[in-house]
Amino acid sequence: MTAIGHREARVYADQFEIYHGNANPDLARKIARWLGTECGQLEVFQFANENIFVKILDNVREKDVFIVQPTNHPVNQSIMELLIMIDAFKRASAGRITAVVPYYAYGRSDKKDQPRVPITARLIADMITVAGADRVLTMDLHQGQIQGFFNIPVDELTAVHILSQHFAQKQLRDLVVVTDLGFAKRARQFAEILEAPLAIIEKRRHGNLDRAEVMNVIGDVRGKRAVIVDDEIDTAGTLIEIVRALEREGVDEIYACATHGVLSDPATDRLRRSSLREIVVTDSVPIPAAKRIPQLRVLSVAPLIGEAIKRIHRGESVGALFSSRCRSRRRCSCGRTPRTGDRDPRRPMTTSLQGSPSWAPRWENDEPAAAPPGRQGRPRGPDGHRPGLAQPAPVAALGPLPAQGPPADAREPGDGPDLERGVRPVLDRPRGADVPDPHRRVRRRPVASPDRNLSFPLAVWPPTCDAP
């Protein structure tokens, strides 16, 4: 309160900070590297009596803090580390605390499907909220209703586009996407990107076993190449049952992909002996070298999470990462084919913080189209299309861009005339937008000079098409 009784406005520091525990430090470092910064310094360790101790070695007062901590093996230790870190940052007067939980454990305990059982997914959500987190950033929850267990904002990302584009680059023919009822909605997006039909597996789980009984395969799969899609691979018992069912139906080749490669024992042995041509997962969960079998392929979600962190910090839309009417790389939904020409579509597009994308999509045999009556939006380019964002691609954006990269005036985060290389980028964002107190005012402070031209590489492809 001020001397005259008015409440002071809440202002976060202009910089964001990324911290991590012991669950997946490699992913946190990849995210920080993609954002052009470094992870903050803190100590997280156990005493001899297994009590966890956390000490923050940086000043985080009023800063925007992101804690990268998936709740993977050892699950209970990872959860306790996350809760204690959140409490430590809250007591260190951090301006806002975002729990980045790429893998949300206990997601299967989201309902009472048996008498006298807990809803552990709700319990974990309450613990994260009570610990002091202001928002949660996660990826491919087991069920979407888990978002409703939180009383704080939740941003759920999906790796469906990263996984689907991996198979799109293979240019496989006669594909069919296979999934169960629980993942059918996201698998439908997967199938649309690959322009393939969708088949559903009807399964039934007996008791608390990690293995399900496959009852029926709904759809035509005979003589085709099948891609099995799911949110996670745990012991691979259900996956092997699906593979056997597809083999009985006459499928020629079988691939599998999932967002979270938990790979609990004996998953590695089962997958090694199976007839799967390839198993694709992401690095949301760390996979030790002993479990990296020859069929396993790991894609990084660091560019996707890094872009989401940047948008949350700046107060921009996270859902815009996945909103596009042109999902397929091979062909636009409106029937036109992108002309790549002198640009490699696998290279990430670069946009400026204060401008439009550095290139505009072009289409073969296409004339400038007039805007639909009454439609307002971004100005159209010379070709009559509005440049924009599509789904993120699994790019190797963690290294330098190719020689045919963006224009010479585009710079990486932290590489500008007024910033030395390695300094955390200062981003302008609206503050207080998600603060629940209605009396707090939103105040903005200029943080960049007029001649500043910071650029961020956005791992997105293909371009948005707004054809009527």
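Everything numeric here is computed off the predicted structure, so don't read it as measured data.

As for the packing of aromatic side chains
Within the structure shown, the criterion is met by eight aromatic pairs. With a centroid separation of 4.8 Å and an interplanar angle of 55°, the aromatic rings of Y19 and F89 are classed as tilted. Remark: F89 occurs in helix α2 (residues 75-91) and Y19 occurs in strand β1 (residues 16-20); sequence separation between them is 70 residues.

Details of the pairing of strand β4 (residues 64-68)
For β4, the buried fraction is high: five of the five residues fall into the buried class. Residues D64, F66 and V68 point to one face of β4 and V65 and I67 to the other, with burial holding for every one of them. In this sheet, β4 lies alongside β1 in parallel orientation, the contact comprising five bridges. Among the inter-strand pairings, F16 is bridged to a residue of β4, identified as D64. Alignment of β4 against strand β5 (residues 96-101), held across five bridges, turns out to be parallel.

Quick word on the side chain of D231
Looking at the element boundaries, D231 is found in strand β11 (residues 225-233). For the buried D231, which has no salt bridge, the nearest side chain bearing the opposite charge is R108, at an N-O separation of 6.4 Å.

A word on the environment of L35
The residue L35 is located in the loop between α1 (25-34) and β2 (42-46) in this model. Considered as a pair, L35 and K310 are 275 residues apart in the sequence and their alpha carbons are 7.8 Å apart.

With respect to the packing of α2 against helix α3 (residues 120-131)
Where α2 meets α3, the closest approach of the two axes is 8 Å, and the angle between their N-to-C directions is 20°. On the basis of the axis angle, α2 is roughly parallel to α3. Taken together, the residues of α3 that come into contact with α2 (itself represented by I79, L82, L83, I86, D87 and K90) are I124, M127, I128, V130 and A131. When the residues that make up the contact of α2 with α3 are grouped by side-chain class, the tally is nine nonpolar, no polar and two charged.

Some words on the side chain of E156
Tracing the sequence through the fold places E156 in strand β7 (residues 154-157). A distance of 2.8 Å separates the side chain of E156 from the backbone nitrogen of L141, its partner in a polar contact. Among the polar contacts listed, one links the side chain of E156 to the side chain of R186, at a separation of 2.4 Å. The contact partners of E156, leaving out residues within four places of it in the chain, are T138, M139, D140, L141, Q147 and R186.

Cut-offs used in this document
Residues numbered from 1 in each chain as written. Predicted model: local features only at pLDDT ≥ 70, side-chain atom pairs only at ≥ 80, totals over all residues. Heavy atoms only, no water. Phe/Tyr/Trp six-rings, centres within 6.5 Å; stacked < 30°, edge-to-face > 60°. Helix = DSSP H or I, 4+ residues; strand = E, 2+ residues; numbered from the N terminus. Buried < 20%, exposed > 50% of the residue type's maximum accessible area, 1.4 Å probe, protein only. Pairing = 2+ DSSP bridges. Lys, Arg positive; Asp, Glu negative; His and termini not counted. Salt bridge = Lys/Arg side-chain N within 4 Å of Asp/Glu carboxyl O. Axes fitted to C-alpha atoms, helices over the stretch in contact; angles between N-to-C directions. Parallel < 35°, antiparallel > 145°, perpendicular 65-115°, else oblique. Contact = heavy atoms within 4.5 Å. Nonpolar A, V, L, I, M, F, W, Y, C, P; charged D, E, K, R; others polar. Polar contact = N/O pair within 3.5 Å; in protein donor to acceptor, adjacent residues only side chain to side chain.

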